[in-house]
Amino acid sequence: MAKIKRYLPRRPKSTNALHQAPGTVSYVGRKEQVETSLEVIDYNAENFERFSSKTPEDAFKFEAEDRTTWININGLSNTAEIEKVGKHFELHPLIIEDIVNTNQRPKIDDYQDYYYVVAKMLYYKEDGQLENEHISMVLGKDYVLTFQESGGDVFDGVRERLAKAKGRIRSRGADYLVFALLDAIVDNYFAVVEEMSDKIEALEEQLFNSQPNNHTTFEIQELKKTMLRIRRAVFPLREVVGRLEKSKSGLIQAETTDYIRDLQDHMIQVSENIEIYREMTWGLMDMYMTTISNKMNEVMKVLTIMASIFIPLTFLAGIYGMNFEYMPELEYRYSYPILLGSMFLLLLGMLYYFKRKHWL
Amino acid sequence: MAKIKRYLPRRPKSTNALHQAPGTVSYVGRKEQVETSLEVIDYNAENFERFSSKTPEDAFKFEAEDRTTWININGLSNTAEIEKVGKHFELHPLIIEDIVNTNQRPKIDDYQDYYYVVAKMLYYKEDGQLENEHISMVLGKDYVLTFQESGGDVFDGVRERLAKAKGRIRSRGADYLVFALLDAIVDNYFAVVEEMSDKIEALEEQLFNSQPNNHTTFEIQELKKTMLRIRRAVFPLREVVGRLEKSKSGLIQAETTDYIRDLQDHMIQVSENIEIYREMTWGLMDMYMTTISNKMNEVMKVLTIMASIFIPLTFLAGIYGMNFEYMPELEYRYSYPILLGSMFLLLLGMLYYFKRKHWL
Amino acid sequence: MAKIKRYLPRRPKSTNALHQAPGTVSYVGRKEQVETSLEVIDYNAENFERFSSKTPEDAFKFEAEDRTTWININGLSNTAEIEKVGKHFELHPLIIEDIVNTNQRPKIDDYQDYYYVVAKMLYYKEDGQLENEHISMVLGKDYVLTFQESGGDVFDGVRERLAKAKGRIRSRGADYLVFALLDAIVDNYFAVVEEMSDKIEALEEQLFNSQPNNHTTFEIQELKKTMLRIRRAVFPLREVVGRLEKSKSGLIQAETTDYIRDLQDHMIQVSENIEIYREMTWGLMDMYMTTISNKMNEVMKVLTIMASIFIPLTFLAGIYGMNFEYMPELEYRYSYPILLGSMFLLLLGMLYYFKRKHWL
Amino acid sequence: MAKIKRYLPRRPKSTNALHQAPGTVSYVGRKEQVETSLEVIDYNAENFERFSSKTPEDAFKFEAEDRTTWININGLSNTAEIEKVGKHFELHPLIIEDIVNTNQRPKIDDYQDYYYVVAKMLYYKEDGQLENEHISMVLGKDYVLTFQESGGDVFDGVRERLAKAKGRIRSRGADYLVFALLDAIVDNYFAVVEEMSDKIEALEEQLFNSQPNNHTTFEIQELKKTMLRIRRAVFPLREVVGRLEKSKSGLIQAETTDYIRDLQDHMIQVSENIEIYREMTWGLMDMYMTTISNKMNEVMKVLTIMASIFIPLTFLAGIYGMNFEYMPELEYRYSYPILLGSMFLLLLGMLYYFKRKHWL
Amino acid sequence: MAKIKRYLPRRPKSTNALHQAPGTVSYVGRKEQVETSLEVIDYNAENFERFSSKTPEDAFKFEAEDRTTWININGLSNTAEIEKVGKHFELHPLIIEDIVNTNQRPKIDDYQDYYYVVAKMLYYKEDGQLENEHISMVLGKDYVLTFQESGGDVFDGVRERLAKAKGRIRSRGADYLVFALLDAIVDNYFAVVEEMSDKIEALEEQLFNSQPNNHTTFEIQELKKTMLRIRRAVFPLREVVGRLEKSKSGLIQAETTDYIRDLQDHMIQVSENIEIYREMTWGLMDMYMTTISNKMNEVMKVLTIMASIFIPLTFLAGIYGMNFEYMPELEYRYSYPILLGSMFLLLLGMLYYFKRKHWL
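Residues numbered from 1 in each chain as written. Chains lettered and ligands numbered in written order. Predicted model: local features only at pLDDT ≥ 70, side-chain atom pairs only at ≥ 80, totals over all residues.

### Let's talk about the overall build of chain A
Assigned secondary structure in chain A consists of 10 helices and 7 strands. When burial is assessed residue by residue, chain A has 46% of its 360 residues classed as buried. Across chain A, the fraction of contacts at a sequence separation of at least 24, relative to all contacts at a separation of at least 6, is 70%. (Helix = DSSP H or I, 4+ residues; strand = E, 2+ residues; numbered from the N terminus. Buried ≥ 20, exposed ≤ 12 C-beta atoms within 10 Å, placed from the backbone. Contact = placed C-beta atoms within 7 Å.)

Rendered as structure tokens:
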């Protein structure tokens, strides 16, 4: 463990960014930017078309009547292209700002004609770091726009089901598609929480085997931070889903509401799991403290036993090392073996005493 | 205590399951599956019939007019059979999914024509592990469906009362039956919380007798986890019962509401007990910490007393072990007995000092 | 302190009780049962009659027009007699069940024609244990029924005031009587909380005089449990009184509401006191921890001072106890007194050093 | 610090008081009672009259038309006089009871024709104890009654402003007077919280200079208790002021509401300060714990350094103090200086080692 | 670190201030007062004028039709000038009081014709102290008044955008200006929370490298206090923004509401960050405790190893330092080398033992 890692996302520090006008569209995200690309899926119960493009203009040509259109935009660095999409669908300027502001927390905004939803994808990267990806969705009458920061594969399952006309997904409208996408995100939360639980278990086992090292406390602190980040991503989404469920707007059909209620159930379940793991993580610190104290107790016992046995014996030897002229025992023939014997008995007595005290 | 056990239920990890379409019916439960079987009880105030079957088709033949029909399905692994039952009673597909998803938390869904209720049976297995069984109920106009994961005996008391026409149970309808089944589950919670309390008491006694071992902290942590699991099963059910009580739907008769309110009382009582035991479990950790500290104090006292007494005496012996040529005391005849006497007095003084400090 | 005592009430464990039909009347209480007896007080502003009986039938004869009748039943073990009372006043079967179920938490049930109220009497027994007595009340149009588990003397003050026509009590109806009875119970809570506070103070003084023993942590834990029990009895009653105050039913007269609001004030006051003592009890554990640590510090200081002074001196003595042939100091005439003097100076220096460090 | 002081107010313990009828007027306060006296201030925008009296009868003669009358009663021990006042203004008997019950918590009661308000004055006495004075107010159409336990000087500022016609106070009615009185009380809370903060700071500095004594933990506990007492006085008043602000009754004029809202702001501010100091007080305990641990670390380091240096050296000296006949080094001429030199080098090495470990 | 600094703002202590009439305008702020000065900006989509003045009278001349007027007053010490402004705009006297009372917490007051908003600017001064500046705003139909305590540069960005007609700001009215000013303040909170996070990280690294000093606990306590101050400034503003968003008054245009909702999002985000850093700060104390304990463990291990190895060896040397006449080993030729060898083996054994225990 070389260096403590930083987890919490930051708003940009530069004075420039701080004094920017609200509504200014500027990408606030990772250095290693993903190039912006578009993918259009256009479907209804009978038809299914899929199309990739680099520019939004190509994508817009593709829209057809009587179909649900799903446009997925990967990479948020090219703000110009994203603004073009926004203009085409007549999105509010603040939405465009939020799409590229990766620090935006999960929320839902109701703009009469469409819903704007922000969610967070969570996954563990290969280096064991928790990655937090910013995802925006716009749900319109017969279209869905999704904006992904780095184009992960979380929506692949949904694409496949659309392509293979598996399940109910093709015969339902845009609202069901948004549900399916959110469901894919929430399913992923379970996997992340799962991994969290594995880490807690690993630390517990390490403590159980009494092999904590000096960095255990920092690993626990890291765990706490990760937990807080997950909560931050998950908890606001609960409200988002709740508001979708209670939506009176015509955008959500009555039968989709049943599915959203089910999704809400899953959200509550994942939240409950997080709270439980949270309590366990906090408990780890207590366990660590008692483990340290137990180890210190052990150290102290060794010291006390060694000192208690040999200090008195050394004193006895010291007595007969004195140089007084008149010490009758010194001349007595059996003094030495008698003393050695007494010392041995004393030693046994001590050992018995410590044994009875359960120190040995 | 060989290995730390895992308690928290998991959603399946496989990518497959994660990308499944919502509404897909797949059993998520124990390896050692219980074979699916059905039992039908059909009764009114005068009549009572009981019938077992392997297939739902046989069961459906059995339904009669003017009677309440209770169909109990044991074992959730055979999803095909369960889907048949669902189709027969026109259940929503999401209900079928929840019936076999053993991770589903307690909830109630109101589908106008019927209620869908999820609850959790808790019991301690022979190996001391807390078992968490998934139970679903459907309450219709004149029927009740129950789905049990492993077919325990918790409903036996209700069956017996039905058979013997004991109490009010036979003359009331399906709503009272659901109340009776929930009441049986809640009664069981008291037994589980009771056992929890016994474990806390056992740990307290262990600490009281100052015989904690290095694993006590882990036993307390296990207790905490079990507590969290019990809460997880019990607390959402409180809301379920509360919503049954306030139900305006015609499915719950006015006079049954009084009984459900009573059940609600029991739920609150068991919840309060859980909270109290929870506080006590958290208190155990503090007690453990102070017990460790007290033990360390004891160890330190032994060390301090031994060292404080014998180190100065050894010093005195060391003085007269020096080889200076001009040490008048060495030649004096009574030096040795005088020194021994002084040492003895010093020893007594020390003991008196430690006695007064209450260290002995 | 011989054995840790159990405080929390239990629901019966026997499988039998668990599978009983709801509404079954079975007494769940103390072994040493109090024999059931009845006392009837019948009064209005002018008249007052008092009458004791062993059977309810005798009591019922006694009811008169234009008067308020208070029937007090002591002892809940004779469920048959209690059922007779219930039948006579047409009480709901669930009420009878709750009257004899001593684990029932405080609550109020509104059955149009009458209110059913459960409260808990708290008092310390001679052996220092907190006793928790189950009390039920039924408030009807012109009668009040009270059911006491063991017939304590808490209502004696009310009886006396009724007999002596003291205060407003005789000229008001049944609702004021229920208020007066609840007021007597709540007044008693103040005494119990008072005693609690004395115990906290005693422990504080014990810690203050630095004389905690190994069982102090368990005494604090006991205090915590008692606190939790008191809360359990008091807090739900707050809601009960609150609902009485807001009652729209004709059973509570407008002018009695003022008194009930005052009672509500007292409930809040006792609850606040409980919360304050609770915080103080939790604070005790922290104080205990610091007291232990301070004691350990003291022990360590004694050890460190003794060892730091005498180990170097012993080393010096050891130097001149060596048997080298060529050690010029040994032959020098004033070596011995010079060494003794140096040792003494070293001792003084050490003492000064520890003095300055405030260790002495 | 001679004795731990008791802070929490008590309800009387005597069985007598416990069994008193509700509504019985009995003074529950300090031993050293203040004699009851009255002061009447009668004013409008043009006129101002002030009058002192020993009996209420004299005071009542004084009331004039078109003026606001403020009657201040000091000392609550003479309950008869207070009952006379109550009768004259037709106050509810429960109000009289609450006026003399100094344990009554802050509250507001709305009796259509008048408001009854209870508040608590807090101030530090000369002996450093926090004094808690019970203050009652009655706000009628054109009169204000105030009842003070011990007649402090908190209302002097208001009197002065009335006398000098300073500010808006004379031209407004009774409702503004009550606002001004409450404002005076709340202003005082800031001073008390201020003093609290000084005490926390003093303790922090004591800990910072590493000079905690064994009683520091008790001083922190006292601080906690005082904090809890202040909260108890302040928090319920927030609700009182809030209800005054939202009052629909004609007793509060619309323009006074603005002032009361401002007062509400101050209440929230003082509450927030209390919560902050509370967190800091709780933090003190943690700081104390770490300070103790740091001190113990220091003690242990001294012991470890002394023992680690001199125990090995003593061993070396012991080796050459042995009496074997064949120990060639003993006869070698430079053995002694070589050994002394080696010992010195060992000492330097040890010191260097401890230096590098930052123990010195 | 010389002295613990005081952070929490205080209300004035002087008896004088305490007994002042409410509504009295007196500046409660810093000693080093900023001289009061005014700046007027008058703009609409086409025009922009800027004007500085020392007296309000000059400023008022400047107001033009069809334009939005922003008057910024720097320095609150000259209360007379501020009262003039208040009179000109017909502000309620309580507002003037709040403008100069720098302890006033963030709030919004709705006076039909205008809104009064209080907010807090936070920034770190060069000496590392967190500065808390009191800012008031009045939003009228076509004017905005802002009152700054010390005239910082936080609004410079807004001024610049107004001057350069950048963004939407010039074409919108006074409500958008207030939004822009609040947005500037909230943006600054992110920078402050950022700096907070850096401090936490620095402390974590210090602990991670096991180099806490005795003052670490005080630095953590300071961090806690700063955190509490930030919360105090930020959390009430959340409610302020929330009430602006829900405002039904004509002062806020519908399209500005979208921007305010976005600001509300930022408020929630900064609040969440604060809560997360708060948890981490509290976690630091735990980490510090475990770090101390780990260090003590290390010290104890050194002591135990040194003592356990050399005390037995010294005892052995003591044995052969005894002066008994009959000790056969003394005369045996190879006794000395054999003993030295045995001692060396014992030493190795000990080292191996401690190695296996992971103490070395």
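Text resumes after the structure shown.
### Description of the packing of helix α6 (residues 174-208) of chain B against helix α8 (residues 254-319) of chain B
All names here are of chain B. For the pair α6 and α8, interaxial distance at closest approach is 10 Å and the crossing angle is 15 degrees. Overall, the two elements α6 and α8 adopt an arrangement that is roughly parallel. Of the two possible hands of crossing, α6 and α8 adopt the one that is left-handed. Residue classes in the contact of α6 with α8 are distributed as 22 nonpolar, 6 polar and 3 charged. (Axes fitted to C-alpha atoms, helices over the stretch in contact; angles between N-to-C directions. Parallel < 35°, antiparallel > 145°, perpendicular 65-115°, else oblique. Left-handed = near helix turned anticlockwise from the far one by under 90°. Nonpolar A, V, L, I, M, F, W, Y, C, P; charged D, E, K, R; others polar.)

### Focus on the pairing of strand β2 (residues 48-53) of chain D
Summarising the sheet, strand β1 (residues 37-43) of chain D and β2 of chain D pair through 6 bridges and their orientation is antiparallel. Opposite Glu39 of chain D, over in β2 of chain D, you have Ser52 of chain D as the bridge partner. (Pairing = 2+ DSSP bridges.)

### Some remarks on the relation of the copies chain E and chain A
Rotating chain E by 72 degrees and moving it 0.1 Å along the rotation axis overlays it on chain A with an RMSD of 0.1 Å. Such a turn and shift between the copies fits a five-fold axis. Among all residues of chain E, the one whose C-alpha sits closest to the rotation axis is Gly321 of chain E, at a distance of 4.4 Å. The overlap is low: 16% of the interface residues of chain E also sit at the interface in chain A, so different surfaces are used on the two sides. (Least-squares fit on C-alpha atoms with pLDDT ≥ 70 in both.)

### Digging into the interface of chain E and chain A
Opposite the 58 residues of chain E that make contact, chain A presents 50 residues. Looking at the side of chain E that touches chain A, the elements with two or more residues in it are α5 (156-163), α6 (174-208) and α8 (254-319) of chain E. Broken down by element, the side of chain E that touches chain A gets its largest block of residues, 32 residues, from α8 of chain E. Its residues placed into classes, the side of chain E that touches chain A shows 22 nonpolar, 19 polar and 17 charged.

### Comments concerning the sheet that holds strand β5 (residues 114-124) of chain B
Residues and elements named next belong to chain B. Here 7 strands make up an open sheet; going across it, the order is β2-β1-β3-β7-β6-β5-β4 and the pairing mixed. Strand pairing shows two members of the sheet lacking a second neighbour, β2 (48-53) and β4 (107-111), which therefore form its edges. For this sheet the average axis-to-axis angle between neighbouring strands, irrespective of direction, equals 15 degrees. Here strand β3 (residues 68-74) pairs with strand β7 (residues 143-148) via 6 bridges, running parallel. If you follow Thr69 over to β7, its bridge partner there is Tyr143.

### Brief notes about helix α10 (residues 335-356) of chain E
Given a rise of 1.5 Å per residue, 22 residues ought to cover 32 Å, and the 31 Å separating the end C-alpha atoms of α10 of chain E matches this to within 8%. Looking one or two residues past α10 of chain E, His358 of chain E carries a phi angle of roughly 60 degrees, positive in sign. (Expected span 1.5 Å × (residues − 1).)

### Brief notes about the sheet that holds strand β1 (residues 37-43) of chain E
All names here are of chain E. In space, the 7 strands of this open sheet follow the order β2-β1-β3-β7-β6-β5-β4, with mixed pairing throughout. Whereas interior strands pair on both sides, the edge strands pair on one side only; in this sheet they are β2 (48-53) and β4 (107-111). For this sheet, the mean angle separating the axes of adjacent strands, direction not counted, is 15 degrees. Where β1 lies against strand β3 (residues 68-74), 7 bridges are found, and the strand directions are antiparallel. Note on β3: the bridge partner recorded for Leu38 is Ile73. Docked against the sheet, α6 engages β3, β5 (114-124), β6 (130-139) and β7 (143-148), running at close to 25 degrees with respect to β5.

### Overview of the domain arrangement of chain A
As assigned here, chain A comprises domain 1 (25-290) and domain 2 (295-356). Each of domain 1 of chain A and domain 2 of chain A has a C-alpha centre, and the two are 73 Å apart. (Domains from an automatic or database assignment.)

### Remarks on the confidence of the model for chain A
Residues and elements named next belong to chain A. The pLDDT averaged across chain A works out to 85; a share of 90% of its residues lies at or above 70. Looking over chain A, one finds the lowest element-wise mean pLDDT in helix α1 (residues 15-18), namely 42, and the highest in helix α10 (residues 335-356), namely 95. Note that pLDDT drops below 50 for residues 1-19; the model gives that stretch 27 contacts with residues more than four away or on any other chain. Scored by ipTM, the complex comes to 0.78, with pTM at 0.84. (pLDDT = per-residue confidence, 0-100.)

### A closer look at the pairing of β4 of chain E
All names here are of chain E. Two elements, β4 and β5, share 5 bridges in a ladder whose sense is antiparallel. Counted as the bridge partner of Lys107 is Val118 from β5. Between β4 and the antiparallel strand that follows it, β5, lie 2 residues; Gln112 among them carries a positive phi value of about 45 degrees.

### Focus on the environment of Tyr332 of chain C
Residue and element names in this part refer to chain C. Within the secondary structure layout, Tyr332 lies in the loop between α9 (328-331) and α10 (335-356). Looking at Tyr332, the number of C-beta atoms within 10 Å reads 13, which means it is partly exposed. Spatially, the C-alpha atom of Tyr332 lies 76 Å from that of Glu195, the residues being 137 residues apart in sequence.

### So, helix α3 (residues 79-88) of chain D
All names here are of chain D. Inspection of α3 places Ile82, Val85 and Gly86 among the buried residues, and these make up the whole buried set. For α3, the angular spread of buried residues about the axis comes to 100 degrees, placing them on one side. Projecting away from the buried face of α3 at angles above 90 degrees are the exposed residues Ala80 and Lys87. Among the structural elements, α2 (56-61), β3 (68-74), α4 (93-100) and β7 (143-148) are those in contact with the buried residues of α3. Looking at the residues trailing α3, positive phi occurs at Glu90, about 55 degrees. (Arc of directions from axis to C-beta.)

### Brief notes about unusual backbone geometry
Positive phi outside glycine occurs at Glu90 of chain A, with the angle close to 55 degrees. A residue is classified by how many C-beta atoms lie within 10 Å of it, and Glu90 of chain A, with 10 of them, is exposed. If you check the backbone angles, Gln112 of chain C has positive phi at about 45 degrees while not being a glycine. Here Gln112 of chain C shows up in the loop between β4 (107-111) and β5 (114-124).

### Description of the packing of helix α3 (residues 79-88) of chain B against helix α4 (residues 93-100) of chain B
Residues and elements named next belong to chain B. In contact at an axis separation of 10 Å, α3 and α4 are set at 140 degrees when each is read in the N-to-C sense. Along this stretch, α3 crosses α4, giving a crossing that reads as right-handed. Of the residues in α4, those touching α3 at Thr79, Ile82, Glu83 and Gly86 are Ile95, Ile96, Ile99 and Val100. Here the contact of α3 with α4 is composed, by residue class, of 5 nonpolar, 2 polar and 1 charged.

### Section: the environment of Glu325 of chain D
Note that Glu325 of chain D resides in the loop between α8 (254-319) and α9 (328-331). With 176 residues separating them in the primary sequence, Glu325 of chain D and Glu149 of chain D have C-alpha atoms 94 Å apart. The residues contacting Glu325 of chain D, other than those within four sequence positions of it, are Leu330 and Glu331 of chain E.

### With respect to the environment of Asn74 of chain E
Residues and elements named next belong to chain E. The topology assignment puts Asn74 in strand β3. Given 18 C-beta atoms within a 10 Å radius, Asn74 is considered partly exposed. Between the C-alpha atoms of Asn74 and Glu194, which are 120 residues apart in sequence, the distance is 27 Å.

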